[in-house]
Structures are given as structure tokens and as C-alpha cells.
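Structural overview
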Amino acid sequence: MKRMTDAHCIFCRIVAGEIPAERVFEDEHCLAFRDLHPQAPVHLLVIPKEHIASHAHAAADHTPLLGHLMAAVASLARSERLDRGYRVVGNTGPDGGQTVDHLHLHLLGGRAMGWPPG
Ligand code: 5GP
Ligand code: ZN
């Protein structure tokens with residue numbers, strides 16, 4: 001049977017309320033909270049409530065969920081008043097710089113971003 005949560009996963013524990021976080025939005029499928037170590041004036045993490053280890057682990061039947069996460073990011077950018085734009089980052093795997101193995105999108109804004117990323 002497919003595992004929906006991982007008891008050892010820090011983000012699953014945030015979803016469950018076992019670890020505190022500054023939650024800014026949630027619905028049935030996703031949760032957004034402020035990053036503990038913000039890299040911009042606005043730095044939110046948007047995650048599925050279901051445990052998916054990374055973007056690379058998403059299955060075909062997760063496609064609506066992935067779209068839902070992107071739509072949530074756009075909505076959060078509006079509520080955070082990021083009128084000048086923002087950046088969405090999905091670090092994936094070791095070369096992608098992923099440090100927490102639960103799929104998440106970073107929403108970064110409130111300053112101009114550099115390119116290329118590090
Ligand atoms: P990654 O490096 O995997 O793309 O992003 C993981 C992010 O999670 C990092 O930006 C890190 O600061 C954030 N983070 C790690 N642990 C916690 C935590 O316990 N609470 C919150 N709010 N953010 C966390
Ligand atoms: Zn998890």
C-alpha cells in the first residue's frame with residue numbers, strides 16, 4: 001500500500017502539527033509555511049500533505065496535485081503582494097541541492113533575484 005506520511009520526515013511532522021511552523025495557508029492537499037532560514041524577504045515553502053520524496057518521485061496520478069501546488073504558489077504570491085515578481089524553486093536530488101526529502105516548492109520574493117542560480 002502507498003505510504004501517505006513518513007513518521008521520520010520533518011515536513012510530514014510539520015503537516016501533522018508535531019513540529020511548529022509559521023503556517024500561512026493550507027487546504028486539503030497542500031500546506032504553505034515560512035522557511036526557517038529565509039533567503040529573501042518572502043520565503044515560503046509549499047508542500048503536498050502527502051509524502052512524496054521529491055519532484056522526481058511524483059507519479060503520473062500526482063499531476064493534478066503538482067498543478068494544485070503551482071496554483072497555490074501563484075495565489076500566495078498575490079497575498080504576499082509580490083507584484084514585481086517572484087521565483088519558484090524546486091530543488092531535486094543531490095545535484096539539485098535538495099536537503100529535505102519531501103517534495104516542496106520555494107516561493108521567493110521581495111527582492112531582485114540573480115541568474116544563473118548557484
Ligand atoms: P531544500 O534545501 O530541500 O530545497 O529546502 C529545504 C528548506 O527547508 C530549507 O530552505 C530549510 O531552511 C527549510 N527547513 C528545514 N527544516 C525546517 C523546519 O523545521 N521548519 C521550516 N519552517 N523550514 C525548514
Ligand atoms: Zn514527508
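Structure's up top.
As the structure is a computational prediction, the values presented were derived from the model and not from experiment.

1. What to know about a nonpolar patch on the surface
Side chains of Met-70, Tyr-86 and Val-88 sit close together on the surface and give an oily, nonpolar patch of about 250 Å² of accessible area. Position of Met-70 relative to the elements: it lies in helix α2 (residues 63-79).

2. A look at the sheet that holds strand β5 (residues 105-109)
Taken together, five strands build an open sheet; the order of strands is β1-β2-β3-β5-β4 and the sheet is antiparallel. Edge positions in the sheet fall to β1 (23-26) and β4 (86-89), since each has one partner strand and no second. Strand after strand, the sheet turns through a mean of 20° between neighbouring axes, direction not considered. Bridging between β1 and strand β2 (residues 30-34) involves three bridges; their strand directions are antiparallel. Its bridge partner lying in β2, Phe-25 is registered against Ala-32. Each of β1, β2, β3 (42-48), β4 and β5 is contacted by α2, which is oriented at about 155° to β3, the strand it contacts most.

3. Details of α2
Along its 17 residues, α2 runs 25 Å from first to last C-alpha, staying within 8% of the 24 Å computed at 1.5 Å per residue. Among all positions of α2, only Leu-65, Leu-69, Ala-72, Val-73, Leu-76 and Ala-77 are buried. The arc enclosing the buried residues of α2, seen along the axis, measures out at 135°, which places them on a common side. Along α2, the residues that are exposed and aim more than 90 degrees away from the buried face are Thr-63, Pro-64 and Arg-78. Packed against the buried residues of α2 are β1, β2, β3, β4 and β5.

4. Thoughts on the coordination of the zinc ion (ligand 2)
The zinc ion (ligand 2) binds to the protein through Cys-9 (SG), Cys-12 (SG), His-51 (ND1) and His-102 (ND1); the donor distances cover 2.1 to 2.3 Å. Going along the chain, you hit the donors of the zinc ion (ligand 2) in the pattern C-x2-C-x38-H-x50-H. With His-51 in the loop between β3 and α2 and His-102 in the loop between α3 (93-96) and β5, this pair connects stretches of sequence that are 51 residues apart. Taken individually, His-51 and His-102 each receive the classification buried, so the pair is uniform in this respect.

About the thresholds
Within each chain, residue numbers correspond to sequence positions counted from 1 in written order. Here every chain gets a letter starting at A, and every ligand a number starting at 1, in the order they are written. Local features in a predicted model are, by the rule used here, given only for residues with pLDDT of at least 70; side-chain atom pairs are given and counted only at 80 or more, and totals for whole chains, interfaces and linings are based on all residues. As a convention, hydrogens and water are excluded, and side-chain values are obtained from all of the structure's heavy atoms. Two distance rules govern patches: like charges are joined within 9 Å, and nonpolar side chains (Val, Leu, Ile, Met, Phe, Trp, Tyr) within 5 Å, applied only to residues with over 30% relative accessible area and no salt bridge. Accessibility throughout is a Shrake-Rupley quantity obtained with a 1.4 Å probe, and a residue counts as covered only by protein chains that appear here. Every case where a carboxyl oxygen of Asp or Glu lies within 4 Å of a side-chain nitrogen of Lys or Arg is listed as a salt bridge. Note on conventions: DSSP H or I runs of at least 4 residues are helices, E runs of at least 2 residues are strands, and numbering of each starts at the N terminus. Two strands pair if DSSP finds at least two bridges between them. As a rule, the C-alpha atoms of each element are fitted with a line to give its axis, helices using only the stretch in contact, and angles between N-to-C directions run from 0 to 180 degrees. Whether two residues are in contact is decided by their heavy atoms: any pair within 4.5 Å suffices. Given a helix with a known number of residues, its expected span is that number minus one, times 1.5 Å. We call a residue buried when its accessible area falls under 20% of the maximum for its residue type, exposed when it is over 50%, and partly exposed in between, using a 1.4 Å probe and counting protein chains only. Directions are taken from the helix axis to each C-beta atom, and the arc is the one they span. Donor criterion used throughout: N, O or S atom within 2.8 Å of the metal, extended to 3.2 Å for Na, K and Ca. Water excluded; incomplete-looking sites may result.

Coordinates in, geometry out; function isn't part of it.
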